[in-house]
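In case you want the letters, here they are:
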Amino acid sequence: MFTTVLRPALLAASRSPRVQRTVTASAATRKLVRRFVAGESEAQAVAAVAALRESGRFASIDYLGEDTTDIEQARATVSQYLSLLAALGELPGSADAVRPLEVSLKLSALGQSLPRDGHAIALEHAHKICTAAAAVGVWVTIDAEDHTTTDSTLAVVRALREDFPWVGTVLQAYLLRTEGDCRDFSGAGSRIRLCKGAYREPAEVAYQDRDEVDASYLRCLEILMRGDGYPMIATHDPVMLEAATGFLRAGRRTADRFEFQMLYGIRDDEQQRLVATGAHLRTYVPYGDQWYGYFMRRLAERPANLAFFLRALRPG
Ligand code: FDA
């Protein structure tokens, strides 16, 4: 019922302006959002990053926003990132040469979905952000969005890597194409974040069955871990975490040649446990007031998240 009815309904709602107006107007929702989002302001995000680093974790910071259809909004997003990078540059030890801080970008927030020249505009904006990131020693990883954007996103990543070879990107195991993309991006210098995928995708391009997605994730993980790049294993799933840890135990990868990644507010105890084992773990820290799409995808991921949300909305 959750997977066949509620999950698709929540993912459809994540792109509905009407539902967005209702959900974001609710005070109870705004309180709950804080479980998954570090805050609305840059200062709150930077404070969350500092706290994570105190606990031995690395961080990737995402200024929330997506599907921008207005060039001014895309430019404003670039300005936010430039301001964030300046603030991160002020944190002591931010430019750790081995494992720097990272920002995550959604190209659709930078103009990729603009009707005219969206691809070129997103590339220009991302290039500007990468230039500023390089100046303060912070990494950039480009998030993966729905499958209609994958070709454009990977083309932007390839173009950026000509000037900034450390730029990383995300590949989604639920897409049928991703095993091939993992092979293409498993070479030296490549940084790939492997996740299952969070959007609603048709059967022509994506596995629909959870077991098939999991099997694909394990095949992709194997390709990346056997390759010469730097895999970023983004999951909360014990089976996937164990598969990656197996490479460590067998001596096929050392702890400094890959990292785990998890979302802010999810499995915090497991994040800390992994750090205590000596593994490298990065927490993805979203902030900003455009949290609606991100929040709805988190509800769609897990019955327990949805139940928590519905309980909080119940009067009395
Ligand atoms: P999944 O949701 O399949 O759950 C599997 C199992 O994990 C559960 O049965 C349970 O055992 C355990 N588990 C999961 N959540 C738990 C919880 N809260 N408490 C206890 N146990 C829990 N997606 C995308 O499309 N584009 C992107 O760019 C990104 N970026 C990204 C970055 C990072 C750092 C992460 C961690 C994830 C993403 N994602 C993403 C989201 C990703 O695609 C996916 O939707 C979520 O990570 C959920 O999938 P999981 O692999 O975590 O497990």
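Cut-offs applied
Each chain has its residues counted from 1, running along the sequence as written. Predicted model: local features are reported for residues with pLDDT of at least 70 only, side-chain atom pairs are reported and counted for 80 or more only, and whole-chain, interface and lining totals are derived from all residues. Strands are runs of DSSP state E lasting at least two residues, helices are runs of H or I lasting at least four, and both sets are numbered from the N terminus onward. The size measure is the radius of gyration over C-alpha atoms, and the globule rule it meets is 2.2 Å times the number of residues to the 0.38 power. Around each residue's C-beta, the other C-beta atoms within 10 Å are counted; 20 or more make the residue buried, 12 or fewer make it exposed, and counts in between make it partly exposed. All C-beta atoms are placed from the backbone. The contact criterion used here is simple: two residues whose C-beta atoms, placed from the backbone, lie within 7 Å are in contact. We call a residue near a molecule or strand if the C-beta atom, set from the backbone, is within 6 Å of it. In this count, Pro and Cys sit with the nonpolar residues alongside Ala, Val, Leu, Ile, Met, Phe, Trp and Tyr, while Asp, Glu, Lys and Arg are called charged and the others, Gly among them, polar. Between N-to-C directions, angles cover 0 to 180 degrees, with each direction set by a line fitted to C-alpha atoms, over the stretch in contact for helices. Working definition: roughly parallel below 35 degrees, roughly antiparallel above 145 degrees, roughly perpendicular at 65 to 115 degrees, and oblique for all remaining angles. For any pair of crossing helices, the crossing counts as left-handed if the nearer helix is rotated counterclockwise from the farther one by less than a right angle, and right-handed if it is rotated clockwise. pLDDT: the predictor's confidence for each residue, scored from 0 to 100. UniProt positions are given in the numbering used here, feature names are shortened, and annotations may be inferred rather than shown by experiment. Multiplying 1.5 Å by the residue count of a helix minus one yields the expected span of that helix. Think of it as the arc spanned by the lines of direction from the helix axis to the C-beta atoms. Either an automatic procedure or a domain database provided the assignment from which the domain bounds are taken. We call a set of buried Ala, Val, Leu, Ile, Met, Phe, Trp, Tyr and Cys residues a nonpolar core when their C-beta atoms link them within 7 Å. Each pair of strands is called paired provided DSSP finds at least two bridges between the two strands.

### Describing the overall build of the protein
Okay, so step 1: Across its full length, the protein holds 13 helices and 8 strands.
Okay, so step 2: For a compact globule of 316 residues, the expected C-alpha radius of gyration is about 20 Å, and the protein comes in at 19 Å, within 12% of that figure.
Okay, so step 3: Over its C-alpha atoms, taken along the principal directions, the protein stretches across nearly 55 × 40 × 40 Å.
Okay, so step 4: By residue count, 42% of the 316 residues in the protein fall in the buried class.
Okay, so step 5: Relative to all contacts within the protein whose residues are 6 or more apart in sequence, the contacts with residues 24 or more apart total 71%.

### Concerning the site of the ligand
Okay, so step 1: Close to the ligand lie 24 residues; Asp143, Cys195, Ala198, Thr235 and His236 are nearest.
Okay, so step 2: For the shell around the ligand, the elements supplying multiple residues, two or more each, are strand E4 (168–172), strand E5 (191–195), helix H10 (238–249) and strand E7 (259–263).
Okay, so step 3: Per element, the largest residue contribution to the shell around the ligand is 3 residues, and it comes from E7.
Okay, so step 4: For the shell around the ligand, the residue count by class is 12 nonpolar, 5 polar and 7 charged.

### Observations concerning the packing of helix H9 (residues 210–226) against H10
Okay, so step 1: At a minimum axis distance of 11 Å, the contact between H9 and H10 shows a crossing angle of 20 degrees. As summarised for this structure, H9 and H10 are arranged roughly parallel, according to the angle between their axes. Relative to H10, the crossing made by H9 is right-handed. Packed against H9, whose contacting residues are Asp214, Tyr217, Leu218, Leu221 and Met225, the element H10 presents Val239, Met240, Ala243, Ala244 and Phe247 at the interface.
Okay, so step 2: When its residues are assigned to classes, the contact of H9 with H10 shows 9 nonpolar, no polar and 1 charged.

### Some details on the packing of helix H5 (residues 71–90) against helix H6 (residues 118–136)
Okay, so step 1: In contact at an axis separation of 9 Å, H5 and H6 are set at 10 degrees when each is read in the N-to-C sense. Here H6 runs roughly parallel to H5, going by the angle between their axes. Contact residues: H5 offers Ala74, Val78, Tyr81, Leu82, Leu85, Leu88 and Gly89, while H6 offers Ile121, His125, Lys128, Ile129, Ala132, Ala133 and Val136.
Okay, so step 2: For the contact of H5 with H6, the per-class residue count stands at 11 nonpolar, 2 polar and 1 charged.

### Examining the confidence of the model for the protein
Parts of the prediction with low pLDDT should not have their coordinates interpreted in detail.
Okay, so step 1: In the predicted model, the protein carries a mean pLDDT of 92, and the fraction of residues at 70 or more is 96%.
Okay, so step 2: For this predicted complex, the interface score ipTM comes out at 0.98, alongside a pTM of 0.94.

### Section: the UniProt feature "binding site: FAD" (unreviewed entry) in the protein
Okay, so step 1: Here the UniProt-annotated "binding site: FAD" (unreviewed entry) positions come out as Gln172, Lys196, Gly197, Ala198, Thr235 and His236. Of the residues just listed, which span 65 residues, no C-alpha pair is farther apart than 14.5 Å, and they cluster in one region.
Okay, so step 2: Within the secondary structure layout, lysine 196 lies in the loop between E5 and H9.
Okay, so step 3: A tally of 20 C-beta atoms within 10 Å means that lysine 196 is categorised as buried.
Okay, so step 4: Setting aside residues up to four positions removed in sequence, lysine 196 forms contacts with Gln172, Ala173, Tyr174, Val213, Tyr217 and Thr235.

### So, H10
Okay, so step 1: Spanning 12 residues, H10 covers 16 Å between terminal C-alpha atoms, matching the ideal 16 Å at 1.5 Å per step.
Okay, so step 2: Buried residues of H10: Met240, Ala244 and Phe247, and no others. Taken end-on, H10 shows its buried residues confined to a sector of 40 degrees, consistent with a single buried face. Along H10, the residues that are exposed and aim more than 90 degrees away from the buried face are Pro238, Val239, Glu242 and Arg249.
Okay, so step 3: Elements that come into contact with the buried residues of H10 comprise H9, strand E6 (230–234) and E7.
Okay, so step 4: Following H10 by one or two positions, glycine 251 has its phi on the positive side, about 75 degrees.

### Things to note about the domain arrangement of the protein
Okay, so step 1: Taken as a whole, the protein is organised into domain 1 (1–36 + 292–316) and domain 2 (40–290).
Okay, so step 2: For domain 1 and domain 2, the distance between their C-alpha centres works out to 23 Å.
Okay, so step 3: Contact residues are listed per partner, giving 11 residues for domain 1 and 11 residues for domain 2.
Okay, so step 4: Mapped onto the side of domain 1 that touches domain 2, the elements with two or more residues apiece are helix H1 (2–13) and helix H12 (292–301).
Okay, so step 5: In terms of residue count, the dominant contributor to the side of domain 1 that touches domain 2 is H12 (5 residues).
Okay, so step 6: In terms of residue class, the side of domain 1 that touches domain 2 is built from 6 nonpolar, 2 polar and 3 charged.

### Overview of the nonpolar core
Okay, so step 1: Ranked by size, the top nonpolar core spans 88 residues in total, and within it Ala126, Leu194 and Val285 carry the most contacts.
Okay, so step 2: In terms of residues, this core owes the most to one element, H6, which gives 7 residues.
Okay, so step 3: Formed jointly, this core draws a minimum of three residues from each of two domains, domain 1 (1–36 + 292–316) and domain 2 (40–290).
Okay, so step 4: What valine 285 contacts, discounting residues up to four positions off in sequence, is Ala38, Ala45, Ala48, Val49, Ala59, Ser60, Ile61, Asp62 and Tyr264.

### Some remarks on the pairing of E5
Okay, so step 1: Burial within E5 is extensive, with 5 of its 5 residues counted as buried.
Okay, so step 2: Of the two faces of E5, both are covered, the one formed by Arg191, Arg193 and Cys195 as well as the one formed by Ile192 and Leu194.
Okay, so step 3: With 4 bridges connecting them, E4 and E5 associate as parallel partners. Its bridge partner being in E5, threonine 169 is matched across the sheet by isoleucine 192.

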